[in-house]
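# An overview of the molecular structure
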Amino acid sequence: MKAIVVTDEAAGTAGMTLTERPEPEASGNDVLVEVHASGFTPGELTWPGTWTDRLGRDRTPSIPGHEVAGVVSALGYGTRGLSVGQRVFGLADWARDGTLAEYVAIEARNVAPLPGDVDFTVGASLPISGLTAWQGLFVHGRFQVGQSVLVHGAAGGVGSMVTQLAKEAGAYVIGTGRAADRQTALDFGAHEFVDLDNDELKDVGGVDLVFDVIGGDIGKRSAGLVRAGGMLVTIAGPPEAKPTDGLAVDFVVEADRPQLSEIVQRVRDGRVRTNIGKVAALDDAVAAFNPTERIKGKTIIRVRP
């Protein structure tokens, strides 16, 4: 099968190559998915699981990409709850070959049914951004109706999903980003926007929940904005500063079938929309992930027409 592989961590996305790889087999409790669309997060090229397995053994050349939408083509021994020919979408394991390929073997529990009226490209754009937003807000952030939420990177893949889910759940949303991102963040539902290059973050005042995707100095300054009893939730690694009278949590997103189903239902209802910036074929994936200009939104690889 055709697949994108990486062998050199230092090379980043420039080290991606399109090659032929053996088609994977579905192990126990797996499904083999015929990939129709795949999502990719450049940050995964810095994650240990991309380069070594759970025992620390080198597993290159490895296939990156962990978001998938496609059709079940085979079931592993003991797999239940899904059927051959079923449309699915989900989040592949961090330490196994991923979804930038024509087929991927994935644990059945990591995928959910994809309704027939949701396009594969949309399905592939949802798992990381949707689950990260859901878990950060409702699981780790303990969001409650009426709270104020500061969303960093509100025009990005994760930030735009956080903005939409928070607003739908009854939050007052303040988005941040570059000046050029203002209208996009507002279009996704932010009530206010802070230009991190030109506005004073401290002028926001106190908020109940900060959702941080940036870290560093922005993360440290954000901790001071959290009201008593509030939360700083981050996916940028362990926070360097914590709220004086609140909590700080960093987390790694996990696959969750019920949550995927909740998210895709909101897409069907028109309550949430994805942030896709570009769609490219698998043959053009290397170039798509090494653009010569900034792409707003997520790049999705359409593996099959």
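What you see as residue numbers is a count from 1 along each chain, following the sequence as written. In keeping with the predicted nature of the model, local features appear solely for residues at pLDDT of at least 70, side-chain atom pairs appear and are counted solely at 80 or more, and the whole-chain, interface and lining totals rest on all residues. Side-chain figures throughout are based on the complete set of non-hydrogen atoms in the structure, without hydrogens or water.

### Quick look at the pairing of strand β5 (residues 87-91)
When you tally the buried positions in β5, you get 4 out of 5 residues, the bulk of the element. The criterion for strand pairing is that DSSP finds at least two bridges linking the strands in question. Runs of E in the DSSP output that reach at least two residues are strands. Runs of H or I that reach at least four are helices, and both are numbered from the N terminus. Bridge analysis of strand β4 (residues 67-75) against β5 gives 5 bridges, and the strand direction is antiparallel. Across the sheet, residue glycine 70 finds its bridge partner in β5, namely valine 88. Judged from the 3 bridges that link them, β5 and strand β7 (residues 111-113) form a sheet pairing that is antiparallel. Among the inter-strand pairings, glycine 90 is bridged to a residue of β7, identified as valine 111. Burial classes follow relative accessibility: with a 1.4 Å probe on protein chains only, a residue under 20% of its type's maximum area counts as buried, one over 50% as exposed, and anything between as partly exposed.

### What to know about the side chain of histidine 36
Its location among the elements puts histidine 36 in strand β3 (residues 30-39). Pairs of N or O atoms within 3.5 Å make up the polar contacts considered here, provided that, within protein, one atom can donate a hydrogen while the other can accept it, and that residues adjacent in sequence are counted only when both atoms are side-chain atoms. Among the polar contacts listed, one links the side chain of histidine 36 to the side chain of glutamate 34, at a separation of 2.9 Å. Not counting residues within four places of it along the chain, the set of residues in contact with histidine 36 comprises Ala69, Gly70, Val71, Phe120, Ile301, Arg302, Val303 and Arg304. Two residues form a contact once any of their heavy atoms are found within 4.5 Å.

### A closer look at the pattern of salt bridges
Any Lys or Arg side-chain nitrogen found within 4 Å of a carboxyl oxygen on Asp or Glu counts as a salt bridge. What the rule picks out here adds up to 19 salt bridges. For the salt bridge of glutamate 34 with arginine 304, the shortest nitrogen-to-oxygen distance reads 3.8 Å. Linking glutamate 34 in strand β3 with arginine 304 in the segment after β15 (298-302), this pair joins segments that are 270 residues apart in sequence. Residue classification places glutamate 34 among the partly exposed positions, given a relative accessible area of 22%. One salt bridge connects arginine 266 with glutamate 168, and the closest N-O pair in it is separated by 3.0 Å. Taken together, the positions of arginine 266 in helix α6 (residues 257-269) and glutamate 168 in helix α3 (residues 157-168) put the pair 98 residues apart, joining distant regions of the chain. The class for arginine 266 is buried, based on a relative accessible area of 13%.

### Here's the deal with the layout of surface pockets
Definitions used for this entry: grid spacing 1 Å over protein atoms alone; cavity, a set of points where a 1.4 Å probe fits but cannot get out; pocket, an open set with protein on both sides within 12 Å along at least 5 of 7 lines; lining residue, one with an atom within 4 Å of a point. Grid points are joined across faces, edges and corners, and a volume is the space filled by probe spheres set on the points. Within this model, the largest pocket holds a volume of roughly 1,400 Å³. Lining the largest pocket are 42 residues, with Thr41, Pro42, Gly156, Gly157 and Val158 positioned closest to its centre. Broken down by secondary-structure element, the contributors of at least two residues to the lining of the largest pocket are α2 (127-140), α3, β9 (172-177) and β15. Residues belonging to the lining of the largest pocket are distributed by class as follows: 19 nonpolar, 15 polar and 8 charged. Under this grouping Gly is polar, as are all residues other than the nonpolar Ala, Val, Leu, Ile, Met, Phe, Trp, Tyr, Cys and Pro and the charged Asp, Glu, Lys and Arg.

### Some points on the side chain of aspartate 30
Topologically, aspartate 30 is positioned in strand β3. Dropping the residues within four chain positions of it, aspartate 30 is found in contact with Glu25, Leu75, Gly76, Thr79, Arg96, Ala105, Ile106, Glu107 and Ala108.

### Some points on helix α5 (residues 216-223)
Looking only at α5, the buried set comprises Ile218, Gly219, Ser222 and Ala223. End-on view of α5: buried residues confined to an arc of 135°, all on one side of the axis. Contacts made by the buried residues of α5 are with β11 (207-212) and β12 (226-234). Read the arc as the range of directions from the helix axis to the C-beta atoms.

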